[in-house]
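One letter stands for each residue in the lines below.
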Amino acid sequence: MHILTTSIEYLKGVGPVRADLLKKELKIFTFRDLLFHFPFRYIDKSKIYLIADLTPEMPNIQLFGKIIKIEEKGHKKSKRLIASFQDKSGIVELVWFKGLRWIKSSIKLNSKYLVFGKPSFFKGTYNIVHPEIDLKEDNDNFFATGFQAVYPSTELLNSRGLSSRAISKLIKTLLPLLQDCFDETLSTDIISKSNLPSRKEAFFNIHIPKNTKSLIRAQKRLKFEELFFFQLHLLKTKVNRQEKIKGYSFHILGDNFNNFYQNFLPFDLTNAQKRVLREIRNDLKSSKQMNRLLQGDVGSGKTLVALLSMLIAVDNKYQACIMAPTEILSQQHFQYFSDFLNSLDINIALLTGSTKAKYRKTIHEQLEDGSIDLLIGTHALLEDSVKFHNLGLVIIDEQHRFGVAQRARLWKKNNRPPHVLVMTATPIPRTLSMTLYGDLDISVIDELPPGRKLVKTTWKSDSSRLKIINFIKQQIKSGRQIYIVFPLIDESEKLEYKNLVEGINSIEREFPLPEYQVSILHGQMKAEDKEYEMKRFVEGVTNIMVSTTVIEVGVNVPNASVMIIESAERFGLSQLHQLRGRVGRGAEQSYCILMSGNKLSNEAKARLSTMVETNDGFKIAEEDLKLRGPGDMMGTQQSGMLNFKLVDLVRDNNILIFARREAENLLKYDQNLEKAENINIAKTYFPYAKERLGWSRIS
Ligand code: ADP
Ligand code: MG
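Predicted, not measured: the structure shown is a model, and the values here were computed from it. (Residues numbered from 1 in each chain as written. Chains lettered and ligands numbered in written order. Predicted model: local features only at pLDDT ≥ 70, side-chain atom pairs only at ≥ 80, totals over all residues. Heavy atoms only, no water.)

This paragraph deals with the layout of surface pockets. For the second largest pocket, the calculated volume is near 1500 Å³. In terms of lining residues, the second largest pocket is bounded by 40 residues, among which Arg 32, Phe 36, Arg 199, Thr 684 and Tyr 688 are the most central. Where the lining of the second largest pocket is concerned, the elements lending two or more residues are helix H2 (31-35), helix H7 (199-207), helix H8 (212-244) and helix H24 (679-691). Looking at the lining of the second largest pocket residue by residue, the class counts come to 19 nonpolar, eight polar and 13 charged. (1 Å grid on protein atoms, 1.4 Å probe; cavity = no way out; pocket = protein on both sides within 12 Å on 5 of 7 lines; lining within 4 Å. Points joined across faces, edges and corners; volume = space filled by probe spheres on them. Helix = DSSP H or I, 4+ residues; strand = E, 2+ residues; numbered from the N terminus. Nonpolar A, V, L, I, M, F, W, Y, C, P; charged D, E, K, R; others polar.)

Given below as structure tokens:
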């Protein structure tokens, strides 16, 4: 038996009782588990640092200087106390959110303080939140209580004598026993190129740091390792898939594509659309199966790219389908495609949950005999009864709305898997997309069609209602249309339903017939009623669309210029951004008005101010990631993939990008990890990949 797999019970100082506790509370069963039980923070009281030398990776450290200014900022919940703390090299901010009054009255301006805490870098300066501060006349007599690792523990463990300090002691017993267990996992090339410490040095230093510098190096090494093997696995999965699956080769750019492109395209494609189309085209003719993610902010024109890609499939005598998450969106795509393609000889069909049984049967037959070229629809496409003659291309719109299993089912509609393009308008921070979609190729439309004006966003409370109503009336007078959206997240929630009904009543009072026409749309309506209401709005018969978030994704009514979001604090950032994306699609100046109550959490405030500050979907996504963390942001379904031991995807994006690059470089010249110099990597990678076998994923 390998020493690493020895039961924790046998470590000196543990024994059966403590072993039981460690297993139950921390899932530490073996020596290895303890080795991988990393500290979650560090205390460096070995020296006094200079402000000029701070870096964001530093642990809790000490500074010595004086407080030169102190002030309160914000109000109510966002109220905080900010002290400017200066040493001979610079200034940092000390910040308190709690106990303001007491702290403020006890601080002596311009006296010497020893400050202890974790520096972080925010908006151009360093600050320390809730530092410990001690009045000190000089800095001679308080050095060197040393460098301490702080371990995650639990209340029960604490009460049974297994505090962080005790765990630290166990680790100090363990490490010397493992002297010979730290086989190198990386190649000398990678290690020397990036000046990483050896594995052994890294493990020793992450538990018992010699100093801040060696701690940071140790963290970098172990984080790199975690990300490197993960990326290597994603990339290898991709290569394997490409080798195993033979894709259809669409080498013809035929009549439909050319005819449409040259004669019927109503506007010039943006450069980004052209570039992305080229990327897709190259995939389609490569004889390898395409697996591509198309990211583009709301309104960037993804649908047209989808349409053109589908024409390539048709030109090569294959069928294509596009799946969208809602009826409304499917209908709209169907309309859009039908309008664009009416001068071509292409047979398009729409299949959704509300397609009538008789018509459904016809569709099924025509799909099987190949007379339908393009199929558009909702989840209904996934049903087993939907069979194709020869499905060559599958497009999934708003892919984040679908589960992995659902997407996988489309693959199986053919013996040979079709090409797959998944599209999303929810921008994903680069670090996340590299992790979640690291096995896909990624295309980005990073440009909006010309002539779009930025949507003006404001954040208002009830007291402005009268003004807003007048503003709406004036917009309607000049021919524009208005969205008013209510939160109805869980449609069974009675309270929210009541809000919606009350909202509708008051809107109908303010905007009476016959002068104003109002459409209403919510999840509890019948599909055909929804369709009817939507159609009236699209055609400009109604002036106002009152709805729940069912219109959130995809819907396109260029004449709509105002988006009012009620109880905006209840929405997530990406949802708000999606909703705002429903306006600003035409040539008119558009507006987004966020209505909220006055009592908001700090996070809700941060969300709403972010919306006011920026229109850039990628910036919003980064902010969302910071506010919510990766797990929450991507939903539980995908968050399992984001569980790292040491890595924090928000903070460690540099290491991630570096690891990705190294993994790519490696596979370029040693795809099967056969070269002698990569033996360490191979020895680590293959068992790692085996462990993750069940995990492999189809997007
Ligand atoms: P999204 O990327 O959010 O799905 P859409 O595909 O719905 O965006 O496109 C938004 C609007 O922009 C549509 O009305 C579409 O016809 C229009 N559009 C797309 N490409 C262009 C272009 N190159 N020039 C002008 N308008 C365009
Ligand atoms: Mg879209």
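Following the structure, the description resumes.
Attention now moves to the nonpolar core. Counting 57 residues, the largest nonpolar core has Phe 224, Phe 228, Leu 232, Cys 321, Leu 375, Leu 673 and Ile 681 as the members making the most contacts within it. With eight residues, the top contributor of residues to this core is H8. Residues in contact with Leu 375, not counting those within four places in the same chain, are Met 310, Ala 320, Cys 321, Ile 322, Ala 349, Leu 351, Ile 363, Leu 367, Leu 381, Val 386 and Phe 388. The next biggest cluster of nonpolar side chains, apart from the first, holds 39 residues, and it includes Leu 269, Leu 294, Met 310 and Leu 344. (Core = buried A, V, L, I, M, F, W, Y, C linked by side-chain atoms within 4.5 Å. Buried < 20%, exposed > 50% of the residue type's maximum accessible area, 1.4 Å probe, protein only. Contact = heavy atoms within 4.5 Å.)

Let us now look at the sheet that holds strand S21 (residues 560-565). Taken in spatial order, the six strands make up an open sheet running S17-S22-S21-S18-S20-S19, and their pairing is parallel. The open sheet terminates on both sides in strands that have one partner only, identified here as strand S17 (456-460) and strand S19 (518-521). Strand after strand, the sheet turns through a mean of 15 degrees between neighbouring axes, direction not considered. Pairing of strand S18 (residues 481-485) with strand S20 (residues 544-547), which is carried by four bridges, proceeds in the parallel orientation. Paired with Tyr 483 across the bridge in S20 is Met 545. Its contacts with the sheet place helix H16 (residues 465-477) against S17, S18, S20, S21 and strand S22 (591-595), and it is angled at close to 155 degrees to S22. Here helix H20 (residues 602-613) sits on the sheet in contact with S17 and S22, set at roughly 150 degrees to S17. (Pairing = 2+ DSSP bridges. Axes fitted to C-alpha atoms, helices over the stretch in contact; angles between N-to-C directions.)

Quick look at the packing of H8 against H24 now. Contact pair H8 / H24: the axes reach a minimum separation of 10 Å and the direction vectors enclose 70 degrees. In terms of orientation, H8 and H24 fall into the roughly perpendicular class. In this structure, H8 crosses over H24, and the sense of that crossing is right-handed. Contacts from Phe 228, Phe 229, Phe 230, Leu 232, His 233 and Lys 236 in H8 reach Ile 681, Thr 684, Tyr 685, Tyr 688 and Ala 689 in H24. Grouping the amino acids of the contact of H8 with H24 by side-chain chemistry returns eight nonpolar, two polar and one charged. (Parallel < 35°, antiparallel > 145°, perpendicular 65-115°, else oblique. Left-handed = near helix turned anticlockwise from the far one by under 90°.)

What follows is about the domain arrangement of the protein. Looking at the assigned domains, one finds that the protein contains domain 1 (1-45 + 151-179), domain 2 (46-144), domain 3 (255-286 + 300-424) and domain 4 (456-614). One C-alpha centre belongs to domain 2, the other to domain 4, and the line joining them spans 45 Å. (Domains from an automatic or database assignment.)

Before going further, it helps to spend a moment on the sheet that holds strand S15 (residues 419-424). Pairing in this open sheet of seven strands is parallel, and the strands run S12-S13-S11-S14-S15-S10-S16 from one edge to the other. Each having just a single partner strand, strand S12 (348-351) and strand S16 (441-445) make up the two edges of the open sheet. Neighbour to neighbour, the strand axes of the sheet diverge by 20 degrees on average, direction disregarded. By the bridge criterion, five bridges tie strand S11 (residues 319-323) to strand S14 (residues 391-396) in an arrangement that is parallel. Residue pairing across strands places Ile 322 opposite Ile 395, the latter belonging to S14.

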